[in-house]
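Inside the fold
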Amino acid sequence: RAQSSGRVLQSVVDAYLSELSQVIVSEPRLDAVCIALHGATQSTESDDVCGDIVTAVRDLIGSEKLLAISIDLHANVTSRFFQAADFISAFQTYPHCDLFETGSRAAKMCVKALQGMKIHKARVEIPMILPASGYTSNQGDFGTIVLKAKAMVKQRSLEDYSICMMQPWLDVPVGGSCVLVYALDKKEASLCAAELAEDLVSVKDKMQPEVMSIEQVVEYVQKKKSAEPVIVSDFSDSPNAGATGDDISIVKYLIQNNCRIHTAAIVNDKPAVDHAFTVGVGNTGRFRLGGTLDASYGDFIEVEGKVRSLHDGVFTLAGPILKGVELNIGPSAVITCGKVDILVCYRMKATGDIQLYRHFGIEPSCYELVIVKANTSFRAAYSQISDSIVLCETNRAASANLKALPFKKLSRNFYPFSDLAYWNSKDYMEVY
């Protein structure tokens, strides 16, 4: 298991494929293969690792045996990926709350095919990337399309659907967002896939996040009258999206401007953690916070801080996503700087889970401002304690300003670089 980050070493991919191949070859009675992938993996040698894996497995099992794949909603399902797999099911929720159900959907189609059912598949590619902070499956334009797709399945015209919004910081020469549809009728598969894809393209301009500057966030908190905390998404520094999680700019503004706002914050900062263990619980020390991982941004602040607590970093997720799973963020410490309590750790994980704060003695519901380094996943947990959720653009690696990012491989025919006036579903359709 690895969260979003840089490229995977090709040696790791090769080792995985070698072990997987041995398992497949050693079982001559094999009827089908079902694999859970993320769908947007890059290695030091390949921009389509999941496509590599699926095509390699297809080569091993031949055309007569079945291959079913479950993936993330943010996967990049290339044409070769789609053609090599009999069935592909992606998460239908964002925040992702249907991990188990997604694997079940892919496996159930596989079982139906093993029982003799002929299931047709269709894929419509959309050369488009959208900020992950700009939509959710629970509401808005994307939510409306999801409801429409679910109705198609419920009415039995479809066996399954997936809407894959390609991870927007994935710099690849081949791929894009897409709609995948599986149906008993080939024509119905193509019609439904085209309709959903066209709906998605029609609302692309509306699926942009409403963001605030740090100054606007502070003003919003200061004017707010209700007791519930303001949850601010520092989405552009989300490790879930591949950013480094070491941005300290919101905290820096609060401290330098003497903002008396009771705040919970988190930052990846190994040197600060190590120093906190040296200083010891209850003692005060001088800390340099932030900017330790990404030299291209590198903002930091030097402050006096009191070490409140020290931890080994092991905690259990509260869910609803992956409830009960144990994670480890490495040696960690809670440092208090004025009105700001900062959890410093080696490597934050599951940033949308409320236990990432709660387990380490920071109770989010007791604060005026809670900084969460996540795009949308946090809404599943944090909406239970507050309706006041705002997005703050700090212009880190997972920025919503996609046009400003240094893409080198991604085609400029993609939205938002292109208005997609040339696009139509028929030219971007595959049906089998």
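Before any of the text, the structure's been laid out above.
Remember, predicted model here, so these are calculated numbers, not experimental data.

It is at 11 Å that the axes of helix 1 (residues 10–25) and helix 2 (residues 49–61) come closest, and there the two elements cross at 25°. With respect to helix 2, the element helix 1 is oriented roughly parallel. For the element pair helix 1 and helix 2, the recorded crossing hand is right-handed. Residues Val13, Tyr16, Leu17, Leu20, Ser21, Ile24 and Val25 of helix 1 touch helix 2, and the partners they reach there are Val49, Ile53, Ala56, Val57, Leu60 and Ile61. Among the residues forming the contact of helix 1 with helix 2, the class breakdown is 12 nonpolar, 1 polar and no charged.

With that settled, consider helix 6 (residues 186–202). Taking 1.5 Å as the rise per residue, helix 6 with 17 residues should run 24 Å; its terminal C-alpha atoms sit 25 Å apart, in good agreement. Turning to helix 6, its buried residues number three or more, namely Ala189, Ser190, Cys192, Ala193, Ala194, Leu196, Ala197, Leu200 and Val201. In the core, the buried residues of helix 6 are packed alongside strand 4 (120–126), helix 5 (140–154), strand 5 (160–164), strand 6 (177–183) and strand 18 (429–431).

Let us look at the environment of Thr78. Within the secondary structure, Thr78 is located in the loop between strand 2 (66–71) and helix 3 (79–84). Given the relative accessible area of 2%, Thr78 is considered buried. Spatially, the C-alpha atoms of Thr78 and Ala40 are 9.9 Å apart, while their sequence positions differ by 38 residues. Excluding residues that lie within four positions of it along the chain, Thr78 makes contacts with Asp48, Arg123, Val174 and Gly175. Within polar-contact distance, the side chain of Thr78 engages the side chain of Asp48 at 2.8 Å.

Counting residues in hydrophobic clusters, the biggest one holds 56 residues, and the most contacted among them are Phe287, Leu289, Ile342, Val344 and Tyr382. No other element matches strand 15 (residues 340–345), which puts 5 residues into this core. In contact with Phe287, other than residues within four places in its own chain, are Ala272, His275, Ala276, Val279, Ile301, Glu302, Val303, Gly305, Val307 and Ile335. If you look at the next biggest cluster of nonpolar residues, it comprises 49 residues, including Ala132, Ala189, Phe407 and Phe414.

Moving on, we come to the packing of aromatic side chains. The description of an aromatic ring pair uses the distance of the two centres, along with the angle that the planes make with each other. Within the structure shown, the criterion is met by 8 aromatic pairs. Centre to centre, the rings of Phe82 and Tyr432 are 6.0 Å apart; their planes meet at 45°, and the pair counts as tilted. With Phe82 in helix 3 and Tyr432 in the segment after strand 18, this pair connects stretches of sequence that are 350 residues apart. By relative accessible area, Phe82 is classed as buried at 0%. Through successive ring pairs, a cluster of aromatic residues spans Tyr94, Tyr135 and Phe142. The ring of Phe300 carries Arg288 above its face, with NZ or CZ at 3.7 Å from the centroid. A cation sits over an aromatic face here: Arg412 above Phe417, 4.1 Å from the ring centre.

The rules we used
- Throughout, a residue's number is its position along its own chain's written sequence, starting from 1.
- Given that this is a predicted model, residues contribute local features only at a pLDDT of at least 70 and side-chain atom pairs are listed and counted only at 80 or more, while totals for whole chains, interfaces and linings are drawn from all residues.
- Hydrogens and waters are ignored; side-chain quantities use all the structure's heavy atoms.
- In this analysis an axis means a line fitted to C-alpha atoms, helices contributing only their contacting stretch, and an angle means the value between N-to-C directions, from 0 to 180 degrees.
- Helix numbering and strand numbering both begin at the N terminus, where a helix is a DSSP run of H or I of at least 4 residues and a strand a DSSP run of E of at least 2.
- Roughly parallel means an angle under 35 degrees; roughly antiparallel means over 145; roughly perpendicular covers 65 to 115; every other angle is labelled oblique.
- Helix crossings fall into two classes, left-handed where the near helix is turned counterclockwise from the far one by less than a right angle and right-handed where it is turned clockwise.
- Contacts between residues were defined by any pair of non-hydrogen atoms, one from each residue, lying within 4.5 Å.
- Throughout, the ten residues Ala, Val, Leu, Ile, Met, Phe, Trp, Tyr, Cys and Pro are labelled nonpolar, Asp, Glu, Lys and Arg are labelled charged, and all others, Gly among them, are labelled polar.
- Given a helix with a known number of residues, its expected span is that number minus one, times 1.5 Å.
- Think of it in three bands: residues with accessible area under 20% of the maximum for their type are buried, residues over 50% are exposed, and the middle band is partly exposed, with areas taken using a 1.4 Å probe on protein chains only.
- Throughout this description, a polar contact denotes any pair of N or O atoms lying within 3.5 Å of each other; where both atoms belong to protein, one of them has to be capable of donating a hydrogen while the other can accept it, and for residues adjacent in sequence the pair is counted only when both atoms sit in side chains.
- Among buried residues, those of type Ala, Val, Leu, Ile, Met, Phe, Trp, Tyr and Cys that are joined through side-chain atoms within 4.5 Å constitute a nonpolar core.
- For Phe, Tyr and Trp, rings pair up if their centres lie within 6.5 Å, where Trp contributes its six-membered ring, and each pair is then called stacked (planes under 30 degrees apart), edge-to-face (over 60) or tilted (otherwise).
- Remark: a charge is flagged as sitting over a ring if the NZ atom of Lys or the CZ atom of Arg is within 6 Å of the ring centre and within 35 degrees of the ring normal.

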